[in-house]
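Coordinate inspection notes
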Amino acid sequence: MPMTTEILRADLSLPAHADALVLLLDAYARDAAGGGHALSDDIKQRLPGELARRSGVHVLLGFVDGEAAGLAICMEGFSTFACAPLLNLHDFAVRPQFRGQGLGKALLARVAGLAEELGCCKVTLEVLEGNARARGLYLACGFKDYALDPAFGKAMFMQRWLAKD
């Protein structure tokens, strides 16, 4: 039986969309690729509202036969070298039972379409080097490792946590 796939831009003021966001992001956080730890109850409660307040955040939700199956959380940025906006794919996940069915490719195509709608010059993302399945999907969808000059190597993603009082 063919499955019905729907990808839509979330309206986080709608409880069904907010609930799908939390369900999908929590499932991703629990996965080894997402760190292996559930989101706290506080984050689950606050996240939809916090994301909705940020004008440069775009959430895409993927549903298969009406069930929340995947998400893409994108954040607008700016490329100084191109003097143009860009779209960063900040969080991307497909629940395990829906993997390998084309939902990831469909979500990435919708991310690219969104970037075009916003007048972006590119879509960026980070991926863990050990996440071979995700890397394969991204490569198949046209993403490449980032390097300005091969002599300097590929770009590396780094972070520094800031202490909270």
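Residues numbered from 1 in each chain as written. Predicted model: local features only at pLDDT ≥ 70, side-chain atom pairs only at ≥ 80, totals over all residues. Heavy atoms only, no water.

1. Quick look at the packing of aromatic side chains
Using the following cut-off: Put simply, two rings from Phe, Tyr or Trp (the six-membered ring, in Trp's case) pair if the centres are within 6.5 Å, and we call them stacked under 30 degrees between planes, edge-to-face over 60, tilted for the rest. In DSSP terms, a helix is any run of H or I states spanning at least four residues, a strand is any run of E spanning at least two, and both are numbered starting from the N terminus. Think of it in three bands: residues with accessible area under 20% of the maximum for their type are buried, residues over 50% are exposed, and the middle band is partly exposed, with areas taken using a 1.4 Å probe on protein chains only.
In the structure shown here, the tally under the stated rule is 2 aromatic pairs. With a centroid separation of 5.9 Å and an interplanar angle of 65°, the aromatic rings of F92 and Y138 are classed as edge-to-face. Of the two residues, F92 is situated in strand β4 (residues 84-94) and Y138 in helix α4 (residues 132-140); the sequence distance between them amounts to 46 residues. In this pair, the class of F92 matches that of Y138, namely buried. Judged by centre distance (5.9 Å) and plane angle (65°), the ring pair of Y138 and F143 falls under edge-to-face. A single burial state applies to Y138 and to F143, both of which are buried. An aromatic cluster is defined as three or more aromatic residues linked by ring pairs; in this entry it consists of F92, Y138 and F143.

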